[in-house]
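Here is what each chain is made of, one letter per residue.
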Amino acid sequence: KTYCKAGGETFTDPAKHTEVFVKEFLEFAAQSIQAELSDGKGSKTETPAAELDANIGDKRPAVSSDDPPAKLPRLSEPDSQKKKVTMKRAVADKIRELNETGRFTLQIRPGVVAAKLADVGEAQALGVLESLELQEQETVGDPNAFINDAAEALLAAAED
């Protein structure tokens, strides 16, 4: 910002400046860095503009198979393979209501509990949320874990 203002410019976006202005700024920055590195003793070394021009457009060398990949593989499923879960309005309203009370130290996150609540059905999901509401704040801890555990218990009981 200071360099741009000192040069009489009102904007600081490099894309809006000319190539010459940007090169001059880079040379100024390089000189400032060199001065800092030499503890301000005045032994500045300048990078000639021709050397900067020579490097423009150069690509980095090809990566060998021994080098680690630049990007890590995705560990989760792509969005197209994720199961879309819908939540009944009554269940979403009850979650919103519980969050608005501020009784719990953590908010109930619909994305975390939706799948389990959808698996047990609307009536039982509302029952799980009502049982959460009746619990003492200190005994619940994480309401998301409480909801998922209760829903899993209902599913396990249904299988037996």
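For the structure given in this document, a descriptive report is provided here. (Residues numbered from 1 in each chain as written. Predicted model: local features only at pLDDT ≥ 70, side-chain atom pairs only at ≥ 80, totals over all residues. Heavy atoms only, no water.)

**Looking at helix α2 (residues 19-37)**
And step 1. The end-to-end C-alpha distance of α2 is 27 Å, a good match for the 27 Å that 19 residues give at a rise of 1.5 Å each.
And step 2. Three or more residues of α2 are buried, namely Phe21, Lys23 and Ala35. Summarising the axial view, the buried residues of α2 lie within an arc of 165 degrees, below the 170-degree limit, and thus occupy one face. Away from its buried face by more than 90 degrees, α2 exposes Glu19, Ile33, Glu36 and Leu37. (Helix = DSSP H or I, 4+ residues; strand = E, 2+ residues; numbered from the N terminus. Expected span 1.5 Å × (residues − 1). Buried < 20%, exposed > 50% of the residue type's maximum accessible area, 1.4 Å probe, protein only. Arc of directions from axis to C-beta.)

**A short note on the nonpolar core**
The tendency in soluble globular proteins is for nonpolar side chains to be buried side by side.
And step 1. Formed by 15 residues in total, the largest nonpolar core has its most connected members in Ile95, Ile108, Leu117, Leu132 and Ile147.
And step 2. Elements supplying a minimum of two residues to this core: α4 (89-101), α5 (110-120), α6 (122-134) and α8 (143-159).
And step 3. Per-element tally for this core: the top contributor is α6, with four residues.
And step 4. Residues contacting Ile108, with those up to four places away along its chain left out, are Ile95, Leu98, Asn99, Val113, Leu132, Pro143, Asn144 and Ile147. (Core = buried A, V, L, I, M, F, W, Y, C linked by side-chain atoms within 4.5 Å. Contact = heavy atoms within 4.5 Å.)

**Digging into the environment of Asp93**
And step 1. Take Asp93: it is sitting in helix α4.
And step 2. A distance of 2.7 Å separates the side chain of Asp93 from the side chain of Arg96, its partner in a polar contact. (Polar contact = N/O pair within 3.5 Å; in protein donor to acceptor, adjacent residues only side chain to side chain.)

**A closer look at the side chain of Lys94**
And step 1. With respect to the helices and strands, the residue Lys94 is situated in helix α4.
And step 2. Among the residues examined, Lys94 registers a relative accessible area of 13% and is labelled buried.
And step 3. Of note is the side chain of Lys94, whose polar atom sits 2.8 Å from the side chain of Glu133.
And step 4. Not counting chain neighbours up to four residues away, the residues in contact with Lys94 comprise Leu126, Leu129, Glu130 and Glu133.

**A closer look at α4**
And step 1. The terminal C-alpha atoms of α4 lie 18 Å apart, and with 13 residues this matches the ideal 18 Å at 1.5 Å per residue to within 8%.
And step 2. Inspection of α4 places Val91, Lys94, Ile95, Leu98 and Asn99 among the buried residues, and these make up the whole buried set. One side of α4 holds all its buried residues, which, seen down the axis, span an arc of 135 degrees. Of the exposed residues in α4, those oriented more than 90 degrees away from the buried face are Arg89 and Glu100.
And step 3. Contact partners of the buried residues in α4: α5 and α6.
And step 4. The positive-phi residue at the C-terminal boundary of α4 is Gly102, with phi of around 70 degrees.

**Focus: the packing of α6 against α8**
Each pair of packed helices gets described by two things: the angle between the helix axes and the distance between those axes.
And step 1. Direction vectors running N to C along α6 and α8 enclose 135 degrees, while the axes themselves pass 10 Å from each other. In this view, α6 runs oblique relative to α8, as classed from their interaxial angle. Note that α6 runs across α8; the crossing there is right-handed. Two secondary-structure elements touch here, α6 through Gln124, Val128, Leu129, Ser131 and Leu132 and α8 through Pro143, Phe146, Ile147, Ala150, Ala151 and Leu154. (Axes fitted to C-alpha atoms, helices over the stretch in contact; angles between N-to-C directions. Parallel < 35°, antiparallel > 145°, perpendicular 65-115°, else oblique. Left-handed = near helix turned anticlockwise from the far one by under 90°.)

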